[in-house]
Amino acid sequence: QGVPVVIIGAGPAGLTLGNLLRAASVDCVVLETESRAFIERRPRAGVLEEWAVRALERHGLADQLLKRAERHTACEFRFDGRRYRFPYHELTGRHHFVYPQPLLVTDLVREYADVRGGDIRFGVQDVRLHDLDTDRPSVSYTGPETGGERRVLRCAFVAGCDGARGVTRAALPPGRTRIARHDYGIGWLALLAEAPPSSDCVLFGCHPRGFAGHMPRSPEVTRYYLQCPPGDDPENWPEDRVWAELQSRLGAAGAPPLTRGPLVEKRVLDMHDYVVEPMAYGRLYLAGDAAHLVAPIAAKGMNLALHDAFLLADALIARLTEGDDRGLDGYGEASLRRVWDYQEFSQWLSEVYHGAAAGDAFRAGTTVARLRRLFTSPVAAAAFAEQYLGTAERY
Ligand code: FAD
């Protein structure tokens, strides 16, 4: 007696996968270390690509999102004290949706647990994976509902959706797994301000003192980023210093001053990427940040997590309802095509953001050339818009 699929992790990847499996009448259990209240509040991403929203919509998972998300049609680069608006909607007819990750997670939990009656267990501890190289794997855990006893869930497949700090990636045998990693050697101070956005769009400040970003999240909340040394202590950044630095890096002729507000999140991200290949071992399939992390340079991570969930759900449903293995066999390759494409774009964009502050006149020169090209060459602009908005092809 068991359940076809155990999903480890209730982030965007695990919850989307759970919802799609439920809709296809494939039973699953989702295990999550945190509480429901915690995951419904954890601030992180906010930018969703149009293809991802359309895919959520096709599966009945975008009702709230379509009502509440803001549509963004342009972004703006600021460098040399000037503003350069990039109207990507005019060029492509496509736009970004801005919908904070905690709202998406809240919608997905509600749909999975409250509407579709899905089994989700919060607050689990010490999750372990067993017998992955057999056709009877299992997952065990302890937690408040087990009274301290270890509970075992037998299953046919395990989905590792437990993010960058989970346990499932470690279950891949080291000899058969390659983890390709890239460190940018820089930090970003990630800030969430209870302040209305200071512009109707995303702003990228490419400044000799370092990058600064302004990302509207809602009419009341704005995400800001400041480039800083990796491993920097957030305590080095009192509010006055943060706002002075944001103002100087994002300032430009004709731009109104930034609207200040209390900083409700302040943490340093050491910017790095990784890609795990292959993304599967035996009956374990990784999805989302568990398999690949992309630094938040181009706002791609949540989109890649959703992409994996759609692919893996189709593949598991085909296997479990029709005995068709082709989706599972091709899962990693199909996921990684988009992953590597987005990694490459993030590297390219990183140089645009950080080149001016590299302390290297050559890199500063090529960075400005890259930026100018976006505003002088229609072909370069079209290529940028396509990558910024994400590959439009159906997942
Ligand atoms: P997660 O969201 O990390 O979910 C994993 C879940 O697994 C968590 O709930 C965790 O608690 C749980 N878990 C962990 N370990 C275990 C365990 N052992 N057992 C059970 N459960 C476990 N992406 C974008 O697309 N756009 C953006 O604008 C953007 N901005 C970002 C800004 C910041 C500051 C950060 C940090 C990230 C940003 N990202 C962005 C990336 C995005 O947040 C992630 O890529 C996304 O959350 C990945 O989803 P996931 O489901 O794979 O993993």
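Just so you know, these numbers come straight off a predicted model, no measurement behind them. (Residues numbered from 1 in each chain as written. Predicted model: local features only at pLDDT ≥ 70, side-chain atom pairs only at ≥ 80, totals over all residues.)

(A) Spatial organisation of unusual backbone geometry. Cis geometry is adopted by the peptide bond preceding proline 278, which originates at glutamate 277 and carries an omega value of -5 degrees. Along the chain, proline 278 falls in the loop between β16 (263–277) and β17 (280–281). Phi is positive for aspartate 80, close to 55 degrees, though the residue is something other than glycine. For aspartate 80, the location among the structural elements is in the loop between β5 (75–79) and β6 (82–86). We note that aspartate 131 has phi near 50 degrees; this positive angle belongs to a residue other than glycine. Following the sequence through the fold, aspartate 131 ends up in the loop between β9 (125–130) and β10 (138–142). (Helix = DSSP H or I, 4+ residues; strand = E, 2+ residues; numbered from the N terminus.)

(B) Fine view of the sheet that holds strand β15 (residues 222–228). With mixed pairing, the eight strands of this open sheet are ordered in space as β6-β5-β13-β14-β15-β12-β16-β19. One side of each edge strand has no neighbouring strand; the edge strands of this open sheet are β6 and β19 (292–293). Here strand β12 (residues 178–193) runs beside β16; their pairing, made up of 13 bridges, is antiparallel. Paired with isoleucine 179 across the strands is valine 276, a residue of β16. Against the sheet, helix α7 (residues 239–250) engages β5, β12, β13 (202–207), β14 (210–216), β15 and β16, with an angle of about 95 degrees to β14. Running over the sheet, helix α9 (residues 326–354) touches β12, β13, β14, β15, β16 and β19 and is turned about 130 degrees from β16. (Pairing = 2+ DSSP bridges. Contact = placed C-beta atoms within 7 Å. Axes fitted to C-alpha atoms, helices over the stretch in contact; angles between N-to-C directions.)

(C) Structural context of the pairing of strand β11 (residues 151–160). In this structure, strand β1 (residues 3–8) lies alongside β11, joined through five bridges in parallel fashion. Each bridged residue has a counterpart across the sheet, and for valine 5 the counterpart in β11 is phenylalanine 157. Inspection of the sheet shows β10 paired to β11 by four bridges, in the antiparallel sense. Each residue of the ladder has a partner; that of valine 139, found in β11, is leucine 153. Pairing of β11 with strand β18 (residues 284–286) involves three bridges; the strand directions are parallel. Counted as the bridge partner of glycine 160 is leucine 286 from β18.

(D) How the structure looks around the UniProt feature "domain: FAD-binding" (unreviewed entry) in the chain. Mapped onto this numbering, the UniProt entry annotates "domain: FAD-binding" (unreviewed entry) at residues 3–345. As a span, residues 3–345 carries 31% helix and 32% strand, and end to end its C-alpha atoms are 39 Å apart. (UniProt positions renumbered as here; feature names shortened; annotations may be inferred.)

(E) Quick look at the sheet that holds strand β7 (residues 96–98). Pairing within the open sheet is antiparallel, and its three strands lie in the order β3-β7-β4. Two strands lie at the open edges of the sheet, namely β3 (47–49) and β4 (70–72), each paired on one side alone. Sheet twist, expressed as the mean angle between neighbouring strand axes with direction ignored, is 35 degrees. In terms of strand pairing, β4 meets β7 through three bridges, oriented antiparallel. Bridged to histidine 72 within β7 is histidine 96.

(F) Quick look at the nonpolar core. Core analysis: the biggest nonpolar cluster contains 114 residues, and Leu17, Ala159, Ala287 and Leu312 have the highest contact counts within it. The element contributing the most residues to this core is helix α8 (residues 301–322), with 12 residues. In contact with leucine 17, not counting residues within four places along its chain, are Ile7, Ala159, Cys161, Ala287, Ala309, Leu312 and Ala313. (Core = buried A, V, L, I, M, F, W, Y, C linked by C-beta atoms within 7 Å. Buried ≥ 20, exposed ≤ 12 C-beta atoms within 10 Å, placed from the backbone.)

(G) Focus on the confidence of the model for the chain. Confidence in the prediction for the chain averages 96 pLDDT; 99% of positions are at 70 or higher. Reported confidences for the modelled complex are a pTM of 0.96 and an ipTM of 0.96. (pLDDT = per-residue confidence, 0-100.)

(H) Local environment of the site of the ligand. Near the ligand, the surroundings consist of 35 residues, among which Gly9, Gly11, Gly163, Gly288 and Gly301 are the closest. Put simply, the parts of the chain that give the shell around the ligand at least two residues each are α1 (12–23) and α8. With four residues, α8 is the single largest residue contributor to the shell around the ligand. A breakdown of the residues in the shell around the ligand according to their chemical character gives 17 nonpolar, 11 polar and seven charged. (Near = placed C-beta within 6 Å. Nonpolar A, V, L, I, M, F, W, Y, C, P; charged D, E, K, R; others polar.)

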